[in-house]
Amino acid sequence: MRIPILKLHNYLLISIQIDLDDQTAIQFQEDLLSKIHESGATGVVIDLTSVDIIDSFIAKVLGDVVTMSDLMGAKVVLTGIQPAVAMTLIDLGIHLQDVPTALDLEQGLIKLRQELEE
Amino acid sequence: MDFQSCVNIKKEWDIVGARQLGRDIAKKIGFGTVDQARIATAISELARNIYLYAGDGKVCFEAIEDMNKRGLSIIAIDDGPGIEELSQVMEDGFSTSGGLGAGLPGVKRLMDEFDIVSEQGQGTEIKVVKWLR
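This section reports on the structure supplied with the text. (Residues numbered from 1 in each chain as written. Chains lettered and ligands numbered in written order. Predicted model: local features only at pLDDT ≥ 70, side-chain atom pairs only at ≥ 80, totals over all residues.)

1. Section: the interface of chain B and chain A
Right, so step 1: With 24 residues of chain B at the interface, the matching set in chain A holds 19 residues.
Right, so step 2: When residues of the side of chain B that touches chain A are traced back to their parent elements, those giving at least two are α1 (13-29), α2 (33-54) and α4 (103-110) of chain B.
Right, so step 3: The element contributing the most residues to the side of chain B that touches chain A is α2 of chain B, with nine residues.
Right, so step 4: The residue inventory of the side of chain B that touches chain A, partitioned by class, reads 10 nonpolar, seven polar and seven charged. (Contact = placed C-beta atoms within 7 Å. Helix = DSSP H or I, 4+ residues; strand = E, 2+ residues; numbered from the N terminus. Nonpolar A, V, L, I, M, F, W, Y, C, P; charged D, E, K, R; others polar.)

Encoded structure:
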């Protein structure tokens, strides 16, 4: 299964709407990095509104893809993390401290614009 | 309410199958959204450990009752290589697979009860319980 990546001006938008298995998560990581490379996008929003579980593996893949994109010169914001998911992540001991987040897609785009203008 | 259902863990996709079934059962027992997420996440970690380290095993679910409490018991069993240093795997940040090392200590925090029995060369059995509040 492939997660669609949409391009909007200089941004890439991704909405994850499936229960992520490990393989799909890894594939997504690769796809996103190639898409950044191809498109020259400077900002990425990954929307997690429909994701109702993030375990330690998925958290690692998401955290890594933020760092990897950053290395390539694109800023990533994670948006829409559900309350139950946030509580579970903290129980797991995963704080994703260096990962930019926003409440929803709209706030995420605002955050990207601010970060990229600085 | 006493029934038991199991999911065999052989392929990577079985991790998703196990947590989906576990979440459905948790929902039927009456757990709220947050506890459903905790339970599904714990199952995901247990099933992934089986897949990564033992290659083959199963995760079983059982609705349980004790006094006036109701809950969900989950048992993850494999006959893999076993865990060499139990105290090490219960430390936050310890991993032999390049992961976050959040797995087992995380599962312990997500659930109310946690028991682990592991013998080298014999396999590992982890039993966790979440009580309905």
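So, next bit.
2. Quick look at helix α1 (residues 22-39) of chain A
Residues three or four positions apart in an α-helix share a direction because the helix packs 3.6 residues into each turn.
Residues and elements named next belong to chain A.
Right, so step 1: Here α1 spans 26 Å end to end across 18 residues, near enough to the 26 Å set by a 1.5 Å rise per residue.
Right, so step 2: All of the buried residues along α1 are T24, F28, L32 and I36. Seen along its axis, α1 keeps its buried residues to an arc of 105°; they face one direction. Exposed residues lying more than 90 degrees from the buried face of α1 are E30, S34, H37 and E38.
Right, so step 3: Against the buried residues of α1 lie β2 (11-15), β3 (43-47) and α2 (56-72). (Expected span 1.5 Å × (residues − 1). Buried ≥ 20, exposed ≤ 12 C-beta atoms within 10 Å, placed from the backbone. Arc of directions from axis to C-beta.)

3. Some remarks on the sheet that holds strand β1 (residues 4-9) of chain B
Residue and element names in this part refer to chain B.
Right, so step 1: Strands sit in the order β1-β2-β3-β5-β4 across an open sheet of five strands; the sheet is antiparallel. Strand pairing shows two members of the sheet lacking a second neighbour, β1 and β4 (113-119), which therefore form its edges. Recorded for the sheet is a direction-independent mean angle of 15° between the axes of neighbouring strands.
Right, so step 2: Contacting β1, β2 (57-66) and β3 (69-78), α1 crosses the sheet at an angle of about 165° to β1. (Pairing = 2+ DSSP bridges. Axes fitted to C-alpha atoms, helices over the stretch in contact; angles between N-to-C directions.)

4. Section: the packing of α1 of chain B against α2 of chain B
Residue and element names in this part refer to chain B.
Right, so step 1: For the pair α1 and α2, the least separation of the axes is 8 Å and the interaxial angle reads 150°. Classified by the interaxial angle, the pair formed by α1 and α2 is roughly antiparallel. You can see that α1 and α2 cross each other, and the crossing is right-handed. The segment α1 lies against α2, with D14, I15, A18, R19, G22, R23, A26 and K27 engaging D35, Q36, I39, A40, I43, S44, A47, R48 and Y51.
Right, so step 2: The class makeup of the residues in the contact of α1 with α2 is eight nonpolar, three polar and six charged. (Parallel < 35°, antiparallel > 145°, perpendicular 65-115°, else oblique. Left-handed = near helix turned anticlockwise from the far one by under 90°.)

5. Brief notes about the nonpolar core
Right, so step 1: Judged by nonpolar contacts, the single largest core of 64 residues is most densely connected at V44 of chain A together with I43, L46, A47 and V59 of chain B.
Right, so step 2: At nine residues, α2 of chain B tops the list of elements feeding residues into this core.
Right, so step 3: Apart from residues lying up to four places away in sequence, V59 of chain B is in contact with C6, V7, I9, A18, I43, L46, A47, I74 and A76 of chain B. (Core = buried A, V, L, I, M, F, W, Y, C linked by C-beta atoms within 7 Å.)

6. Notes on the sheet that holds β3 of chain A
All names here are of chain A.
Right, so step 1: The five strands are arranged β1-β2-β3-β4-β5 in an open sheet whose pairing can be described as mixed. Both edges of this open sheet fall to β1 (6-8) and β5 (101-102), since each of them pairs with a single strand only.
Right, so step 2: Sheet analysis places strand β4 (residues 75-79) next to β5, joined by two bridges and oriented parallel. Within β5, the position partnered with T79 by the bridge is A102.

Spatial relationships are all this shows, so hold off on functional conclusions.
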